[in-house]
Structure formats: structure tokens, C-alpha cells
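# Coordinate inspection notes
The residues making up each chain are set out below.
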Amino acid sequence: MPETTPLVLLGRKFDGFERALTAQFRAIPDVSARFELVEIGDLEDKVLHGDGATSGANDVLMLITDWLPALIESGRLLPLDEHFAAAPPQGWPDAWVPSLRELQRGPDGKTYGIAYHDGPMMQLYRTDLYGDPKEQAGFAERFGYPLAPATNWSQMHDQAIWFNRPDEGLYGTVQAGFPDEHNNVYDFLTHLWSRGGELIDGSGRSGLDRTPALEAIDYLHDLWHVSRVVDPAAADWDSVASGVHFAAGEAAMMVNWCGFAALSADPQSPTHGLVGCAPVPGGEGPDGSTVTMNAYWVLTVASGTSDPDRAIDLIRRLATHEMDVRTAIGGGSATRRDSWAATEVQAIAPYYGVLEQAHAHARSVPVDSRWPVIAGILNEMMRAVVVDASGRRALEQAHARLNEFLAGTKDAG
């Protein structure tokens, strides 16, 4: 590739990424590069199911960690270790917490990417509503305990019911119901794990016939179709859209990616200064726990690039503290410890002060090259729950499909 030919970074369409990358590329005018951002479904089709990593059309890929095992196993991403050994990114590796370095490591122990945009999921809530004395008094009278960010799913359900006022343009909570194998699947797994369940048991069979899975699906079905504390329009909202609607003041609280609290940083936002962050609610009983879903976006090098040295250097340049701060300012989420501690970053959103604590409870989808197929099964299950209101029938069908698939493959990794 001639030096004058721009490198191409392909990633997900998101205003925060657009703003951050625009500012970052302007800050490195000596690097010939451009970026292209597409909808998440199109990105998956291009990279995971198409030739986006091998055709040579793209050099750097911004990818969600869920897709990495399949891409690494098939040789569609290049390892970065030799280049990092010779010229490591600023602060590598300790500038990133361990849970932001694990999911891009292949079964060969090599590193295939560096974190660009961080989750994890947290509980976002309206401080003006939760701090209102009238709301506190009314809630305590009805439910018998003080109004505060929920520590378990039962409390979240109570609070969603309390604040659900669709006639006033306010719903109890927000869910991202769009079937994109993203938040709809993560929501189910968060409930499953926090209730002590497992997607795949120790014998390599589906765990979707156990009590935690039943409780999880019943809870999510209730939010949509029984208590109806979610805007029906959210069936068409992905994670970004759900965050935008929350920032617009349309719900009292939600469990979603912490970075969406930054959408309220704009002084013109209806929720500016009114969003707080707390840990994700946990399951109840002896097997219950708090689980924070951990998935994040990484910069990787496509195996089809004709200039891996320049591609890796671009990643190195985008991974500095200065560039990470630009990610936060642009509306993404910083990934470095020193960025989380920076005054200008902490002023953007309330979650930066507790990110390291949140990562202590982080858990990710199975690091398994079969995950795209498994995610498709769960995606169809959640589509049926949200759109068809089928509840347990959808779970039973997913259990049968997952068992059939697992029986024909090796034990889960």
C-alpha cells in the first residue's frame, strides 16, 4: 500500500464514535487515514459473515468483543504482541484494568486488540425523581421501604411500576428490544447469571431449563407485557436509541451501558445534571449476586490489510491518554485508568469515579468461537418475548435449539 493511500478504519455507527474519531484523526494529521461507520448489523455482516476482515478494503476494525473468538480462530485478525513488544502503546498494559484486556486475548495467549470504548452496564437513574421528597414519601407508603437505587430485581420492578406514567411521557424503565444480538441478549444473560444460572452447564448442555432461566424470562416478559413499564416503541430501539430516549427524560431509570450517562452531559439535555449511576441490581436468595455485563469495543487489525505496520501504528496513536480523553469528550467512554481519574473526564459523566469498582463484578459472554450461533438462538428467543409475548414458550424453544446445537459441537470453551 503506498504511503499516500489512506488506511481505513471500519466501525459501528454511533454519534459518540463519529465525534471522537473526527477529533482524533484531526489531531494526527501526519497519519493518512479515514474512518467508515455503519450500523451494527451491517458491521456484523461485513466482518463476521463477509470478507470485511480479509478483502483488503479495511485495515483497522472497531469490533465488539463478542465477535473476537470466531474471528481470531479463523485467522481474520492479526496478533499485536510483537509490535507492542517493540513499541508498546503508552502505559501498556497496566493503564487498562485486567477486564479490559482479557477478551481480546486469543487461545494462543496473544493479544488481538486494544480497548477503545468501555461499558460496563450499570444502573442509570434520575436523581431529580429519586431525590424528590414527595416521590420518596409516596413510594415508601406504597411499598414499605425507602426509595433508593435498586439493589435487587424486585426493588427495580417496584420502582418501575411507581414511576410508570406514560400519560405524562414517563415510563418506569427502558429496554433495548431491537433483535440485534446485543442488548436484548445481554439483558437476559445479566438476569440469568445474577440469579445463579448458567447458559451452558458443566456437562456442555443448555441450562435454559433451570429455575434461574425461568425467573429471568418471566421478569423480562413482565416488564414488556404485564406491568408494561417499557415504552412499546422500544421494541425497535437498539442500545444507542434506548440511551437517547433515557437522556431525553422518557424513563426514570434503566440498566444499560454506563456510557449513555454521557448523553446528558450537554447543557441543553433535558436530563443535564440529573443522572446518577449505581451498580446493577442483583438476584435474591443464596444463589443471587450482582453481575455487571462486560463487553467493549476494541481496535483490531484486519488480516487482509496490506500494511499491518501502519495499521498497528494507528491503533497505538489512538490508544494514548490524550486520545482516550477525546473519546470521552466526544461521547464515547474512556478505557484507561488515567483517563477515568482525569478531572475533565470525571466532569463529563457520573460513572467514571466508580468504573474500576464496577469492573470487579464484570462478566462477559462465553469466550467461544460458537458464540455467534448461540447469540442467534438467544436473539430469536428475546425477539419472541418482546414482539410475540411468548415468554416461557420462547425459552423452551431456545433450550431445545441450544441443546441440539451443543450436541453437535465440542464442549464450550
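Report on the accompanying structure. Within any chain, residue numbers begin from 1 and follow the written order of that chain's sequence. Side-chain atom pairs in this predicted model are given and counted only at pLDDT of 80 or more, local residue features only at pLDDT of at least 70, and totals for whole chains, interfaces and linings cover all residues. As a rule here, side-chain values cover all heavy atoms of the structure and leave hydrogens and water aside.

## Side note on unusual backbone geometry
For the record, the criterion: Helix and strand assignments come from DSSP, with helices taken as H or I runs of at least 4 residues and strands as E runs of at least 2, each series counted from the N terminus.
Residues Trp92 and Pro93 are joined by a peptide bond in cis, for which omega reads 0 degrees. Secondary-structure assignment places Pro93 in the loop between helix 4 (81-86) and strand 4 (114-117). Despite not being glycine, Glu181 shows a phi value in the positive range, around 60 degrees. Note that Glu181 resides in the loop between strand 6 (171-173) and helix 8 (183-194). Positive phi, normally seen in glycine, also occurs at Ala389, with a value near 55 degrees.

## Focus: the environment of Arg326
Just so we agree on the cut-off: Each residue's exposure class comes from its accessible area (1.4 Å probe, protein chains only) as a fraction of the maximum for that residue type: buried when under 20%, exposed when over 50%, partly exposed otherwise. Residues count as neighbours in contact if any of their non-hydrogen atoms are within 4.5 Å of one another.
Tracing the chain through its elements places Arg326 in helix 12 (residues 321-330). Taking relative accessible area as the criterion, Arg326 reaches 28% and is therefore assigned partly exposed. When neighbours within four sequence positions are excluded, Arg326 is seen to be in contact with Ala20, Ala23, Gln24 and Ala27.

## Some words on the environment of Phe143
With respect to the secondary-structure elements, Phe143 resides in helix 6 (residues 133-143). On the accessibility criterion, Phe143 (22% relative accessible area) is partly exposed. For the pair Phe143 and Trp162, spaced 19 residues apart in sequence, the C-alpha to C-alpha distance is 9.1 Å. Not counting residues within four places of it along the chain, the set of residues in contact with Phe143 comprises Asp158 and Trp162.

## Overview of the packing of helix 7 (residues 153-163) against helix 9 (residues 211-226)
Which entries qualify depends on this criterion: Fitted lines through C-alpha atoms serve as axes, helices being fitted only where they are in contact, and the angles separating the N-to-C directions of these axes extend from 0 to 180 degrees. Throughout this description, any angle smaller than 35 degrees is read as roughly parallel, any larger than 145 degrees as roughly antiparallel, any in the 65 to 115 degree range as roughly perpendicular, and the remainder as oblique. Ten residue types, Ala, Val, Leu, Ile, Met, Phe, Trp, Tyr, Cys and Pro, are classed as nonpolar, four, Asp, Glu, Lys and Arg, as charged, and the remainder, Gly among them, as polar.
One can describe the packing of helix 7 onto helix 9 by two numbers: an axis separation of 12 Å at closest approach and a directional angle of 5 degrees. Between helix 7 and helix 9, the angle is such that the two are roughly parallel. The residues of helix 9 that touch helix 7, namely those facing Trp153, Met156 and His157, are Tyr219, Asp222 and Leu223. When its residues are assigned to classes, the contact of helix 7 with helix 9 shows four nonpolar, one polar and one charged.

## Focus: the packing of aromatic side chains
Applied cut-off: Only Phe, Tyr and Trp rings take part, Trp by its six-membered ring, and two of them pair if their centres are within 6.5 Å. Stacked means planes under 30 degrees apart, edge-to-face means over 60, and tilted covers everything else. Here, over-ring charges are defined by two tests on the NZ atom of lysine or the CZ atom of arginine: distance to the ring centre within 6 Å, and angle to the ring normal within 35 degrees.
All chains considered together, the criterion is met by 16 aromatic pairs. Seen in terms of ring centroids, Phe139 and Trp162 are 6.1 Å apart; in terms of plane orientation they differ by 85 degrees. Their pairing is edge-to-face. Of this pair, Phe139 sits in helix 6 while Trp162 sits in helix 7, and the two are 23 residues apart along the sequence. Relative accessible area serves as the criterion here: at 0%, Phe139 is assigned to the buried category. Through a chain of ring-to-ring contacts, three or more aromatic side chains come together here, namely Phe14, Phe17, Trp67, Tyr116, Phe260 and Trp297. Above the ring of Trp96, the side-chain terminus of Arg336 is found at 4.9 Å from the ring centroid.

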